[in-house]
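Commentary on secondary and tertiary structure
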Amino acid sequence: MHEISCESIIIVWKYQIRKMKQIMEVDCNQCDSPKTTFEDTIDAADVKDMRLEAEAVVNDVLFAVADMHVSKILQNAVDVAYINVEIKEGNRYCLELTEAGLRVVGYTFDQVDESTIAHYHETVYSLLDSLSPAYREAFGNALLQRLERLKQNGQ
């Protein structure tokens, strides 16, 4: 097994995500879209819908955890969303996603414990890396497989 640091993995994944966003922006800019005002553009750019962000977070790392889904019980909104995650070691967490990042707010699904004091993580990768050695291993293996495929394709 190759020894890769979590920081290296995160750097590579961030690079891949930036590349995918650039491709998506080019594709989107080529589409016919309705005319919008300058104010509409600024409003849309300034506000992230955390419900959509939460779905993206789940889809991005579902392969490396036992279970992960957006809470259907807790109140999700434009500015906050709750994600339930069970790591491969069996521990369950309720995560809060806001503009500040992600943090653990409970130690079972759909539970927010106001007394929980947890710092925010900028990425789901960082948060899961701090909670789960099995996540780290699954993420590293997935990255190695991706790099091997790129190498085989001559990229």
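Residues numbered from 1 in each chain as written. Predicted model: local features only at pLDDT ≥ 70, side-chain atom pairs only at ≥ 80, totals over all residues. Heavy atoms only, no water.

**Some words on the overall build of the protein**
Which entries qualify depends on this criterion: Numbering goes from the N terminus for both helices and strands, where a helix is a DSSP run of H or I of at least four residues and a strand is a run of E of at least two. Type-normalised accessible area, obtained with a 1.4 Å probe on protein chains alone, sets the label of each residue: buried when under 20%, exposed when over 50%, and partly exposed for intermediate values. Note on contacts: a residue pair qualifies if any of its non-hydrogen atoms lie within 4.5 Å across the two residues. All accessible areas in this document rest on Shrake-Rupley with a 1.4 Å probe, and a residue is counted as covered only by the protein chains that are shown.
Across its full length, the protein holds five helices and four strands. For the protein, the N- to C-terminal ordering of α and β elements is α-α-α-β-β-β-β-α-α. Looking at the 155 residues of the protein, the share that counts as buried comes to 35%. Counted over contacts in the protein with a minimum sequence separation of 6, partners at least 24 positions apart contribute 44%. Counting only carbon and sulfur atoms, one obtains 52% of the accessible surface of the protein, whose full area is about 10400 Å².

**Focus: the environment of Ile83**
Along the chain, the position of Ile83 falls in strand 2 (residues 81-86). Take Ile83: its relative accessible area is 0%, and that puts it in the buried class. Spatially, the C-alpha atoms of Ile83 and His69 are 5.7 Å apart, while their sequence positions differ by 14 residues. Residue contacts for Ile83: discarding those within four places in its chain leaves Ala54, Val57, Val58, Met68, His69, Val70, Ser71, Tyr93, Cys94, Leu95 and Leu102.

**Things to note about the sheet that holds strand 3 (residues 92-98)**
Cut-off, in case you're wondering: Should DSSP find at least two bridges between two strands, the strands are regarded as paired. A fitted line through C-alpha atoms represents every axis, and for helices the fit uses only the stretch in contact; the resulting angles, taken between N-to-C directions, go from 0 to 180 degrees.
Spatial strand order, 1-2-3-4: four strands in an open sheet with antiparallel pairing. Edge positions in the sheet fall to strand 1 (67-70) and strand 4 (101-106), since each of these pairs with one other strand and no more. Averaged over all pairs of adjacent strands, the angle between their axes in this sheet comes to 25°, without regard to strand direction. Where strand 3 lies against strand 4, five bridges are found, and the strand directions are antiparallel.

**Overview of the pairing of strand 3**
Burial of strand 3 is extensive: six of the seven residues sit out of reach of the surface. Summarising the sheet, strand 2 and strand 3 pair through six bridges and their orientation is antiparallel. Of the residues in strand 3, the one forming a bridge with Ala81 is Leu97. Counting the residues in the hairpin turn of strand 2 and strand 3 gives five residues, including Gly90, whose phi is positive at 105°.

**Describing the environment of Leu95**
By secondary structure assignment, the location of Leu95 is in strand 3. As a C-alpha pair, Leu95 and Ser71 span 24 residues in sequence and 9.4 Å in three-dimensional space. Once you skip the residues sitting within four places of it in the chain, Leu95 turns out to touch Met68, Ala81, Tyr82, Ile83, Val85, Leu102, Arg103, Val104, Val105 and Leu127.

**Some words on the pattern of salt bridges**
Where we set the bar: We count a salt bridge whenever a side-chain nitrogen from Lys or Arg sits within 4 Å of a carboxyl oxygen from Asp or Glu.
Considering all chains together, one arrives at four salt bridges under this definition. For the salt bridge of Asp49 with Arg51, the shortest nitrogen-to-oxygen distance reads 3.0 Å. Given the relative accessible area of 22%, Asp49 is considered partly exposed. Assessed through its relative accessible area of 37%, Arg51 is described here as partly exposed.

**Concerning the side chain of Thr98**
With respect to the secondary-structure elements, Thr98 resides in strand 3. When sequence neighbours within four positions are dropped, the list of residues in contact with Thr98 reads Met50, Asp79, Val80 and Tyr120.

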